[in-house]
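Coordinate inspection notes
One-letter residues, chain by chain:
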Amino acid sequence: MALGPNTGESATAKGSPGAVVAAGTKDLLLTDAFVITMNPTRDVITNGYVWIRGDSIHKVGTMASLGETGGVERRSMGDHVIMPGLINTHNHISSFGLRAMQDWRGFPGDSAMYAGLRVLDGEGGYLGSAVGLLEQLQGGITTCKALEAGSDELMLGCVRASEESGARVAIARYGMDAADNAAPNLIVPEDVRDTVDGAIQSLDFLRSKVTSPLVTVSPDAFSVMRVSKEMMLALHEYAVKHNLRFGMHAGATENEQKECLAKNGIRIVPYLDSLGVLNPRLLIGHGSWFDLDECTLVAKRGAAISHCSVNNGGRSLVKEWLELGIKVGIGTDGPTSNNSQDLWEVAKFAIYNQRIRHRGWGSSETALELLTIRGAEAIGMADRIGSLEAGKAADLICIDTIRPTLSPTTSLLSNLIKAHDRSAVRHVMVNGAMVINDGQHRSFDSRKLCRDLSKWAERAQTKSGLLQHYKSSSPFRYI
Ligand SMILES: [Zn+2]
């Protein structure tokens, strides 16, 4: 079912002729839906409405309580779930042109990651980010936390694609500068290494270039061991000065714990605490190799964790994190380490991985919380997104329930997580604007973008040697 004219897009965008209106010019009432609110009492309205006014939610309730609505435009969403848009708390959107790099094992030289960073340019950054955000929007992700770095040209491509996508994108521009000769395996090659001044200047530059209220830029330290203390402290100070969020990868691997112990004499979380950066401003990516004492300290300091359950989640103490009261969201991580950007799959993994350690733990309701309101809390945006409540931003998705995967609808909450088919997401609204209508983006030419990204990838991966390595290291024969 197409939602028709309410695309919420400006008249300059592509789409059905005459089928566009400016965002926020009128009310829209979505009726007759199964509404999962994620409000504080977790109300599920089996026959309800969501009333959108401009960029915000005006009212949510049962159809029986709706009453007289005057001339407000109504769309029946019978047979659909309406729920808050999903929140991807950890991703790397500019590297979609390098999707599947996790499979390029044994790449000669310093690493496939650095080889990839060397060839990422403005075009690759734009195309990768556009395709990555399109994939996410089509699967119901309305907000994406994107950790990125590179030249200003690359980062501008990332900003431009973010703005054009219509998604809510929190770009975290990360610094990476380890150059300690005493730890040679951690040294960041000089040609992809930041300086403190360079990273700060890039942050100032990018923040001056953002024009959309849906896109933000904040500082991030790439990881605990590939960032100097000076860089870590300077980026954190920048975040404090401008009242921005701060983040980093931490505890993603066992090796990183060993490296931190060897270099600093303490484990990762106490080390971050000793620097003064472990606080409510901090979002930690992964945290998989934190022990229980470290988790307790994370909780005490009020930092949040993004759990990337598909690519390294088996070891994570998610049950304990939630019991300790840590703000936990889930993330797909980037396309280089988890090819798929299916956050539904990530949510299912988040529950099932824990069952290796705690039989029967978790529920679809827990997974739905991680996808929405808990994700919003983890990235510090729960006052605006993560639930369908009056006054919050109108970020929502409509899911067609008449699908084999979602039938019977008597067990809808369970089916959404454990039998989900992301293509059931038909309409996606961000800030009151219908960005995906019946599966189609309001302005992106999906086929052209995908073809252009593949062409870029063929050129860039050949130039870097990544493509030759990918093919030659396969046991299959390319002819
Ligand atoms: Zn990551």
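Since this is a predicted model, take the numbers as computed values, not measurements.

Here we look at the overall build of the protein
If you tally the helices and strands in the protein, you get 16 helices and 17 strands. Taken over the C-alpha trace, the protein has a radius of gyration of 22 Å; the compact-globule value for 479 residues is 23 Å, and the two agree within 12%. The dimensions of the protein, computed from C-alpha atoms along their principal axes, are 70 × 50 × 45 Å. Counting over 479 residues, the protein shows a buried share of 52%. In the protein, once contacts between residues fewer than 6 apart in sequence are set aside, the share between residues at least 24 apart is 74%.

Comments concerning the pairing of strand β13 (residues 327-330)
Looking down a regular strand, the side chains alternate between one sheet face and the other. Side-chain alternation along β13 places Lys327 and Gly329 on one buried face and Val328 and Ile330 on a second face that is also buried. Pairing of strand β12 (residues 304-307) with β13, which is carried by four bridges, proceeds in the parallel orientation. Bridging from a neighbouring strand, Ser306 pairs with Gly329 of β13.

Let's talk about the sheet that holds strand β8 (residues 168-175)
Strand order in the open sheet formed by eight strands is β6-β7-β8-β9-β10-β11-β12-β13, with parallel pairing between adjacent strands. Bordering the open sheet on either side are β6 (86-91) and β13, each of which pairs with just one other strand. In this sheet, neighbouring strand axes are inclined to one another by 25° on average, regardless of whether the strands run parallel or antiparallel. Here seven bridges tie β8 to strand β9 (residues 215-223), and the two strands are oriented parallel to one another. Each bridged residue has a counterpart across the sheet, and for Tyr174 the counterpart in β9 is Asp220. The strands that helix α11 (residues 343-354) touches are β6, β7 (141-148), β12 and β13; relative to β13, the one it contacts most, it runs at about 130°. In the packing of helix α12 (residues 364-371) onto the sheet, the strands contacted are β6 and β13, and the crossing angle to β13 comes to about 90°.

Quick word on helix α4 (residues 196-209)
Between its first and last C-alpha atoms α4 spans 20 Å; for 14 residues at 1.5 Å apiece the expected length is 20 Å, and the two agree. Turning to α4, its buried residues are Ala199, Ser202, Leu203 and Leu206. Along the axis of α4, the buried positions cluster into a sector of 100°, meaning they face one direction only. In α4, the exposed residues that point more than 90 degrees away from the buried face are Asp197, Gln201 and Ser208. Contacts from the buried residues of α4 go to α3 (152-165), β8, β9 and α5 (229-241).

Things to note about the domain arrangement of the protein
Entries for the protein in the domain assignment read domain 1 (27-84 + 397-441) and domain 2 (86-378). Between the C-alpha centres of domain 1 and domain 2 the distance comes to 30 Å. Domain 1 puts 20 residues into the contact, and the matching count from domain 2 is 20 residues. In the side of domain 1 that touches domain 2, the residues fall into 13 nonpolar, five polar and two charged.

With respect to unusual backbone geometry
The omega torsion of the bond from Ser407 to Pro408 falls at 0°, within 30 degrees of zero and hence cis. Positionally, Pro408 belongs in the loop between β14 (396-400) and α14 (412-418). Phi at His286 takes a positive value of approximately 90°, unusual for a residue other than glycine. Relative to the helices and strands, His286 resides in strand β11 (residues 282-286). A positive phi angle, near 50°, is found at Asp438, a position not held by glycine.

Section: the nonpolar core
Counting residues in hydrophobic clusters, the biggest one holds 134 residues, and the most contacted among them are Val35, Val50, Ile82, Ile171, Ala347, Leu371 and Val435. If you count residues domain by domain, this core takes at least three from each of domain 1 (27-84 + 397-441) and domain 2 (86-378). Sequence-distant contacts of Val35, that is, excluding residues within four places in its chain, are made with Ile45, Gly48, Val50, Val60, Ile82 and Leu388. Counting residues in each nonpolar core, the second largest holds six residues, with Leu98, Trp104, Ala112 and Ala115 among its members.

Basis of the calculations
- Residues numbered from 1 in each chain as written.
- Predicted model: local features only at pLDDT ≥ 70, side-chain atom pairs only at ≥ 80, totals over all residues.
- Helix = DSSP H or I, 4+ residues; strand = E, 2+ residues; numbered from the N terminus.
- Rg over C-alpha atoms; globule rule 2.2 N^0.38 Å.
- Buried ≥ 20, exposed ≤ 12 C-beta atoms within 10 Å, placed from the backbone.
- Contact = placed C-beta atoms within 7 Å.
- Pairing = 2+ DSSP bridges.
- Axes fitted to C-alpha atoms, helices over the stretch in contact; angles between N-to-C directions.
- Expected span 1.5 Å × (residues − 1).
- Arc of directions from axis to C-beta.
- Domains from an automatic or database assignment.
- Nonpolar A, V, L, I, M, F, W, Y, C, P; charged D, E, K, R; others polar.
- Core = buried A, V, L, I, M, F, W, Y, C linked by C-beta atoms within 7 Å.

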